[in-house]
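Here's the letter readout for the chains.
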Amino acid sequence: MSNIRYISNLTRDTYALILAGGRGSRLYELTDWRAKPALYFGGKYRIIDFPLSNCINSGIRRVGVVTQYKSHSLIRHVTRGWGHFKKELGESVEILPASQQTSGNWYQGTADAVFQNIDIIRQEIPKYVMILSGDHIYRMDYAGLLAAHAESGAEMTVCCLETPIDEAAGAFGVMEVDSEHRVIGFEEKPAEPKPIPSDPTMCLASMGNYVFNTKFLFEQLKKDANNEKSDRDFGKDIIPAIIENHKVFAFPFSSAVAGQPSYWRDVGTLDSFFQANMELLLPTPPLNLYDAKWPIWTYQEQLPPAKFVFDDDDRRGMAVDSIVSGGCIISGAKVKRCVLFDEVRVCSYSFVKDSVLLPDVVVLKNCKIQNAILDRGCIIPEGMVIGYNHDHDRAKGFRVSEKGVTLVTRKMLGLPVGYE
């Protein structure tokens, strides 16, 4: 059997389940009205688009998206952008909201979210079930992961990434492996992660992406559901319970996409969200959004082109070292090192630099803004200064992050809330 046919059979026999119900509490007001996977990224995308695109580009065409927390904007986006697949052709992207299928509870944890959808998964008759985190930015060819899983004889495979210990502490599951990459130890978000033998500053962190043999997964989920002491979580409960007596292997993310450097970002804080967006402005960014061989798909409205107007010495509409999306108008203002999402307006004599402006933001005249995140629909009053004095920012009711990024939302400006 050719390698292409072999991979094709693996992906066809796989059902992917994207866990997209997370709140993202460390993003504070950015997730007051949307789940973390629905958060905007990169000028035109939402976070959920990355695992979904990875599935489609990897040849996995049966996908379920598990939702729970404030899921309206997420469901609307997935329905609009990903609802064109044909079930009769063996492909689908389905929304799986918490519907209390097996009990009167909402999803109690990652394992419970899968357990409550066992009947739906069973109808697909997959040989493998791939469980994916829905709140990270990365590109990954899942075909390599599936091939490694099948060839190793594993019952479960865990994607892993070498991570600095100080970043992993209290944030990620950390594993130990033997010389054959079999998992021999696992701790969920330890305060003091165990380092890898070759580098005491690094540890092996779980990415929250797993492959299971379907029958084995169902057996473990049912066993966990009957354990009254369980937190119903893969990292806390399932993995530690099975590594001793079952074949659980680690798959290193370093071999993710052939010919491309590895890229993975957990944009779970204001600073990491800001930094990941700003990285895209580099001449050669670590994440290539312009690679036609691995496109990131999304839903986008039919918008007019971006426009830059006025060319007077003191009133020139311009943007440099920036991403400017459809429908934007830079009218006699200067924008420098910024990510502008759809339909942003920046008015005369304003200067915005080193900032991320989400869709429908309007910056009125004579504003000065730097090192800021402006949430969707913000209307910045004339003459407002943001990001130049953190004490003044806080006095206005804005949030300032640990690294000095100022977050502004509609509520902080006294505007109606609930704008997604």
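Residues numbered from 1 in each chain as written. Predicted model: local features only at pLDDT ≥ 70, side-chain atom pairs only at ≥ 80, totals over all residues. Heavy atoms only, no water.

A.B. asks: Hey, could you go over helix H9 (residues 234-242) for me, with residue numbers and the actual values?
C.D. replies: Along H9, the positions that sit buried rather than exposed are Phe234, Gly235, Asp237, Ile238, Ile239 and Ile242. Backbone nitrogen of Gly235 and a side-chain oxygen of the N-cap are separated by 2.9 Å at the start of H9; the cap is Asp233. (Buried < 20%, exposed > 50% of the residue type's maximum accessible area, 1.4 Å probe, protein only. Helix = DSSP H or I, 4+ residues; strand = E, 2+ residues; numbered from the N terminus. Polar contact = N/O pair within 3.5 Å; in protein donor to acceptor, adjacent residues only side chain to side chain.)

A.B. asks: Please provide a residue-by-residue account of the environment of Val78, values included.
C.D. replies: Of note, Val78 is situated in helix H3 (residues 72-82). Sequence separation between Val78 and Glu94 is 16 residues; the distance between their C-alpha atoms is 8.6 Å. In contact with Val78, not counting residues within four places along its chain, are Ile48, Leu52, Gly83, Val93 and Ile95. (Contact = heavy atoms within 4.5 Å.)

A.B. asks: Give me the packing of helix H1 (residues 3-12) against helix H6 (residues 142-152): which residues, what numbers.
C.D. replies: Interaxial distance between H1 and H6 falls to 10 Å at its minimum, and their mutual angle equals 90°. In this view, H1 runs roughly perpendicular relative to H6, as classed from their interaxial angle. Every residue of H6 that contacts H1 at Tyr6, Ile7, Leu10 and Thr11 is listed here: Ala143, Leu146, Ala147, Ala150 and Glu151. (Axes fitted to C-alpha atoms, helices over the stretch in contact; angles between N-to-C directions. Parallel < 35°, antiparallel > 145°, perpendicular 65-115°, else oblique.)

A.B. asks: Outline the nonpolar core, listing residues and values.
C.D. replies: If you look at the biggest cluster of nonpolar residues, it comprises 54 residues, and the most contacted ones within it are Leu30, Phe41, Val363, Ile369, Leu374, Ile380 and Ile386. Put simply, the parts of the chain that give this core at least two residues each are strand S2 (40-41), helix H10 (270-279), strand S20 (334-340), strand S22 (351-357), strand S25 (372-374) and strand S29 (406-408). If we ignore the near neighbours within four places in the chain, the residues touching Ile380 are Val362, Val363, Leu364, Cys367, Ile369, Leu374, Ile386, Val408 and Leu413. Membership of the second largest hydrophobic core comes to 41 residues, among which are Ala16, Val63, Ala143 and Val211. (Core = buried A, V, L, I, M, F, W, Y, C linked by side-chain atoms within 4.5 Å.)

A.B. asks: Summarise the packing of aromatic side chains; cite the residues concerned and give the values.
C.D. replies: Counting across every chain of the model gives 10 aromatic pairs. Consider the rings of Tyr40 and Phe341, whose centres lie 5.9 Å apart with planes at 70°: the pair is edge-to-face. In this pair, Tyr40 is assigned in strand S2 and Phe341 in the loop between S20 and strand S21 (345-346), connecting sequence segments 301 residues apart. Like Phe341, Tyr40 is buried. Members of the aromatic cluster, each reached through a chain of ring pairs, are Tyr210, Phe212, Phe216 and Phe234. Here Arg315 stacks its cationic end above the ring of Phe310, 3.7 Å away from the centre of that ring. Sitting over the face of the ring of Tyr28, Arg399 holds its NZ or CZ atom 3.9 Å from the ring centroid. (Phe/Tyr/Trp six-rings, centres within 6.5 Å; stacked < 30°, edge-to-face > 60°. Lys NZ or Arg CZ within 6 Å of the ring centre and 35° of its normal.)

A.B. asks: Talk me through the side chain of Arg410; I want residue IDs and the actual numbers.
C.D. replies: Note on placement: Arg410 falls in the segment after S29. Despite its burial, Arg410 pairs with no opposite charge, the nearest such side chain being Asp375 at 7.9 Å. A polar side-chain atom of Arg410 sits 2.6 Å from the main-chain carbonyl oxygen of Gly377. (Lys, Arg positive; Asp, Glu negative; His and termini not counted. Salt bridge = Lys/Arg side-chain N within 4 Å of Asp/Glu carboxyl O.)

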